[in-house]
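# Structural features, examined
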Amino acid sequence: MSMDFIKENADSLARLKAFTDRVSLSQLEQRLESGWTVAATLAHMAFWDQRASLLVRRWRENGVDSSPVDVDVINDASKALCHALLPKQTIQLVLESAEAIDREIEGISPALAEEIEAGATQFHLSRANHRDYHLDEIEAALE
């Protein structure tokens, strides 16, 4: 199995770090078309990376299960919580969460990676897909 997702994750983390280094407080408070602020979107990204970290640890210990989730319900339910965080707090949270999942994924064996890809639903070892989607959305809105 190709482990290209490790480089993809590293590249997206570097992009995230570059963005958080230059974003201003007023930009963090800006609303996106989705109704989420930039900061709340970063908190959303942190939530999903934290979930991924927990799953990888659980799967390493207990084997892979599907861990199904209703993404839309979770996103809608967490929106108020993501908006409740102080905008500057979200920068530390999103970076720590991204770094944690990237470390977890770097530490898995190719066999476990293959098992995750084959058996887990709604889970991607490439965290870059989610990060880059939202970074594209944010950067477009800030232009």
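Within soluble globular proteins, side chains that are nonpolar tend to cluster in buried spots. If you look at the biggest cluster of nonpolar residues, it comprises 17 residues, and the most contacted ones within it are L16, F19, L28, L42 and V94. Going through the elements one at a time, α1 (4-22), α3 (38-62), α5 (87-106) and α7 (128-142) are the ones with two or more residues in this core. Of the residues forming this core, the biggest block, five residues, is contributed by α3. L16 has contacts with L42, M45, V94, L95, A98 and L135, leaving out every residue within four places of it along the chain.

The subject of this paragraph is the pattern of salt bridges. Throughout the structure, instances matching the rule amount to twelve salt bridges. Here R15 and D132 are joined by a salt bridge, their closest N and O atoms 3.3 Å apart. Highlighted residues: R15 in helix α1 and D132 in helix α7, separated in sequence by 117 residues. With relative accessibility at 24%, the residue D132 sits in the partly exposed group. One salt bridge connects R131 with D102, and the closest N-O pair in it is separated by 2.7 Å. Of the two residues, R131 is situated in helix α7 and D102 in helix α5; the sequence distance between them amounts to 29 residues. Exposure remark for R131: the relative accessible area of 1% places this residue in the buried category. Under the relative-accessibility criterion, D102 is labelled buried at 4%. Among the charged side chains, a network of salt bridges with common partners joins R15, R22, D132, D136 and E139.

Reading the values: rules and limits
Residues numbered from 1 in each chain as written. Predicted model: local features only at pLDDT ≥ 70, side-chain atom pairs only at ≥ 80, totals over all residues. Heavy atoms only, no water. Core = buried A, V, L, I, M, F, W, Y, C linked by side-chain atoms within 4.5 Å. Buried < 20%, exposed > 50% of the residue type's maximum accessible area, 1.4 Å probe, protein only. Helix = DSSP H or I, 4+ residues; strand = E, 2+ residues; numbered from the N terminus. Contact = heavy atoms within 4.5 Å. Salt bridge = Lys/Arg side-chain N within 4 Å of Asp/Glu carboxyl O.

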